[in-house]
Amino acid sequence: MASFNKVILLGNLTRDPEVRYTPKGSAVCDLGIALNRQYTLDSGEKREEVTYVDVVLWSRLAEIAGEYLKKGRPIFIEGRLQLDTWDDKQSGQKRSKLRVIGETMQLLGGRPPAAGGAAESGDEGKASRGKITPPPKPAASGEADADEIPF
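Any chance you could explain the overall build of the protein here in plain terms?
Looking only at helices and strands, the protein has one helix and six strands in total. When the helices and strands of the protein are read in sequence order from the N terminus, they spell out β-β-β-β-α-β-β. Per-residue burial for the protein yields a buried fraction of 21% across its 151 residues. For the protein, long-range pairs separated by at least 24 residues make up 55% of all intrachain contacts whose partners lie at least 6 apart in sequence. Accessible surface for the protein amounts to roughly 12100 Å². Of this, 51% is attributable to carbon and sulfur atoms.

Help me understand the pairing of strand S6 (residues 94-107) in this model?
Side-chain direction in a regular strand flips from residue to residue, so the side chains alternate between the two faces of the sheet. Bridge count between strand S4 (residues 46-58) and S6: two bridges; the pairing is parallel. Note on S6: the bridge partner recorded for Val56 is Ile101. Pairing analysis gives 13 bridges linking strand S5 (residues 74-87) to S6, with the strands arranged antiparallel. Considered in S6, the bridge of Leu83 is made with Leu98.

Teacher, can you tell me more about the pattern of salt bridges here?
Side-chain pairing between opposite charges can occur once the charged atoms of the two side chains come close. Going through the model one piece at a time under the given rule, you end up with 11 salt bridges. Put simply, Arg15 and Glu18 hold a salt bridge, and the shortest N to O gap is 3.5 Å. Taking the relative accessible area as the measure of exposure, Arg15 reaches 28% and is therefore partly exposed. Its salt-bridge partner being Arg37, residue Glu49 comes within 3.3 Å of it at the nearest N-O pair. Pair noted here: Glu49 is in strand S4 and Arg37 is in strand S3 (residues 27-40), with a separation of 12 residues, a long-range link. Here the salt bridges do not stand alone but share partners, grouping Arg15, Glu18, Asp54 and Lys97 into one network.

Help me out: how do you make sense of the environment of Arg15 in this one?
Inspection of the secondary structure assignment puts Arg15 in the loop between strand S1 (7-13) and strand S2 (18-21). Spatially, the C-alpha atom of Arg15 lies 9.8 Å from that of Ala34, the residues being 19 residues apart in sequence. When sequence neighbours within four positions are dropped, the list of residues in contact with Arg15 reads Asp30, Leu31, Gly32, Asp54 and Lys71. At a separation of 3.4 Å, a polar atom in the side chain of Arg15 contacts the main-chain carbonyl oxygen of Leu31.

I'm lost on the pairing of S3 in this one. Help?
Pairing of S1 with S3, which is carried by two bridges, proceeds in the antiparallel orientation. Within S3, the position partnered with Leu13 by the bridge is Ile33. Bridging between S2 and S3 involves four bridges; their strand directions are antiparallel. Bridge pairing links Val19 to Cys29 in S3.

The rules we used
Residues numbered from 1 in each chain as written. Predicted model: local features only at pLDDT ≥ 70, side-chain atom pairs only at ≥ 80, totals over all residues. Heavy atoms only, no water. Helix = DSSP H or I, 4+ residues; strand = E, 2+ residues; numbered from the N terminus. Buried < 20%, exposed > 50% of the residue type's maximum accessible area, 1.4 Å probe, protein only. Contact = heavy atoms within 4.5 Å. Areas by Shrake-Rupley, 256 points an atom, 1.4 Å probe, with all protein chains shown as cover. Pairing = 2+ DSSP bridges. Salt bridge = Lys/Arg side-chain N within 4 Å of Asp/Glu carboxyl O. Polar contact = N/O pair within 3.5 Å; in protein donor to acceptor, adjacent residues only side chain to side chain.

Structure below.
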């Protein structure tokens, strides 16, 4: 029997990434992502539900997440589902948790503001976007530049 295990998630981080290292030196990052779903009931009432998903990233992907991601930032993850099971030491019961093992990640939104910039003043989402104009060309002796297109 064939099987296919693929998950695609687009959501916002619920907490800052937690990066740690295994004894052999591999980076591991734990993320929490909130996924919003909006729908309308038959009565016309709009509802929203939120699903929280735990994601684990490994190696360089984990290091990148730890360096560039912060709580609230949008993120796109592709990966696979994994079921972890263990015995609870306190109660002795079997426990399990379904989580996503991230295989690819795309950072969404713009670059976060530089340290010491707008983030400290409370304007996290606003970056200054000044228009840069090139300096004027020196006046030619009555003839058009070869680079100019006359239309």
